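Coordinate inspection notes
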Amino acid sequence: MTGVLLVAVVIAASIAAGIVAEPRLPDGGRGAARVLTRLLLWVLAPFIFFFVVARLELTAGVGVGIVLAYAALAVVTVAAWLVATRWLRLSRPSTGAFVVTVVVANTGYVGLPLTAATLGTGQLGYAITYDAVVNVPMFLLVAMSIGAVMGGTAETASRRDLALALLRNPLLIAVAAGLAAPDALAPDVLLDVAHVLVYAMVPLAFFVVGLSLGAESEAGSLTFPPALTAPVAASLGLRLVAAPLLLLGLSTLASGVPDAYLLQAAMPSGANCVLVAHLYGLDQRLAASAVAWSTMIVLVIAVLASPLL
């Protein structure tokens, strides 16, 4: 329980620190946020991904699990679209935000440390594979395309641009390099460093989240906790219940699907959902509320359930 509780406390403290620091930093902390984001995306995460994946034991279940994960997400995406348009009857920007919060999960900054804390570092490579091979493409190709189609702004991205962004993504490159590298290139000492850095990323990432929340609070657009509206509740049901249960059911069709895949499927809506909403004019309040509520729920459940694991 100690590891999971520590992750939850660090996330909460880092967000609070970002909120407090935002008005005190030059330019509202935007420069600091850019530097930290680049450090995470281009330095720390690729280092972790390469050295952990280089020691990953590949089995048939690893590849089959990826296929099943996409199948589960395809079903949940269609269900989200139907719920938003047929039941909730949301506007186009709200429909787009709703579907994006179901499609994109926080399998990186929440999923990786929770996997290490609950399942052990032996499952970390599988969690990284899920994050890079499933969640990153879902964000760059599916979520961004939904934003371009459903958003209210003129900012759009062609399929070619999205595909290039996917291919140039440092996380996917690091995973591909790690899969091709022999074990000798990932000595134990560097693997241990990578395991430590998984936890080190958490305060940096959520400090950036806190900076963003602090800016929204100053603008008067943030209330906490956000309202638990019907669209937010429906998003939570699809993201936190339907998605993992579907993958769990599909995993019975094949043997050897890593436990980390099932845990990653139950992660909260990713902070990138708010980014997509901002870029394309989707419903930012709906996106931010779904991210906030789903993150709180996952952390509380993780802390309460950790003694049973």
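Residues numbered from 1 in each chain as written. Predicted model: local features only at pLDDT ≥ 70, side-chain atom pairs only at ≥ 80, totals over all residues. Heavy atoms only, no water.

**With respect to the overall build of the protein**
- When its secondary structure is counted, the protein shows 13 helices and 0 strands.
- The order of helices and strands in the protein, counted from the N terminus, is α-α-α-α-α-α-α-α-α-α-α-α-α.
- Taken across its 309 residues, the protein has 50% of its residues classed as buried.
- Contacts spanning at least 24 positions in sequence make up 86% of the contacts within the protein whose residues lie at least 6 apart. (Helix = DSSP H or I, 4+ residues; strand = E, 2+ residues; numbered from the N terminus. Buried < 20%, exposed > 50% of the residue type's maximum accessible area, 1.4 Å probe, protein only. Contact = heavy atoms within 4.5 Å.)

**Some thoughts on the nonpolar core**
- Within the largest apolar cluster, 94 residues are counted, with the highest numbers of intra-cluster contacts made by I48, F49, F98 and I128.
- Top contributing element to this core by residue count: helix α6 (residues 124–150), with 16 residues.
- Not counting residues up to four positions away in its chain, the partners in contact with F49 are L112, I128, D131, A132, L171, A174 and V175.
- Grouped together as the second largest cluster of nonpolar side chains are 5 residues, A21, A33, V208 and L211 included. (Core = buried A, V, L, I, M, F, W, Y, C linked by side-chain atoms within 4.5 Å.)

**A word on the pattern of salt bridges**
- Here the structure, examined in full by the defined rule, presents 1 salt bridge.
- Between D188 and R55 there is a salt bridge whose closest N-O contact spans 2.9 Å. With D188 in helix α9 (residues 188–218) and R55 in the loop between α2 (30–54) and α3 (60–87), the pair connects residues that are 133 residues apart, well separated along the chain.
- Given a relative accessible area of 49%, D188 falls into the partly exposed group.
- Assessed through its relative accessible area of 32%, R55 is described here as partly exposed. (Salt bridge = Lys/Arg side-chain N within 4 Å of Asp/Glu carboxyl O.)

**Looking at a nonpolar patch on the surface**
- A surface patch of nonpolar side chains, amounting to about 290 Å² of accessible area, comprises L39, W42 and V43.
- Positionally, L39 belongs in helix α2. (Patch = residues over 30% accessible without salt bridge, like charges linked within 9 Å, V, L, I, M, F, W, Y side chains within 5 Å. Areas by Shrake-Rupley, 256 points an atom, 1.4 Å probe, with all protein chains shown as cover.)

**Some points on the side chain of N135**
- With respect to the helices and strands, N135 occurs in helix α6.
- Look past the residues within four positions of N135 in its chain and what remains in contact with it is V103, V104, A105, T107 and Y130.

**A closer look at the packing of helix α4 (residues 92–103) against helix α13 (residues 284–305)**
- Relative orientation of the contacting elements α4 and α13 amounts to 20°, with a least axis distance of 8 Å. The orientation of α4 with respect to α13, classified from their angle, is roughly parallel. Crossing of α4 against α13: the hand is right-handed. Facing α4, whose interface residues are S94, A97, F98 and T101, α13 presents L286, A287 and A290. (Axes fitted to C-alpha atoms, helices over the stretch in contact; angles between N-to-C directions. Parallel < 35°, antiparallel > 145°, perpendicular 65-115°, else oblique. Left-handed = near helix turned anticlockwise from the far one by under 90°.)

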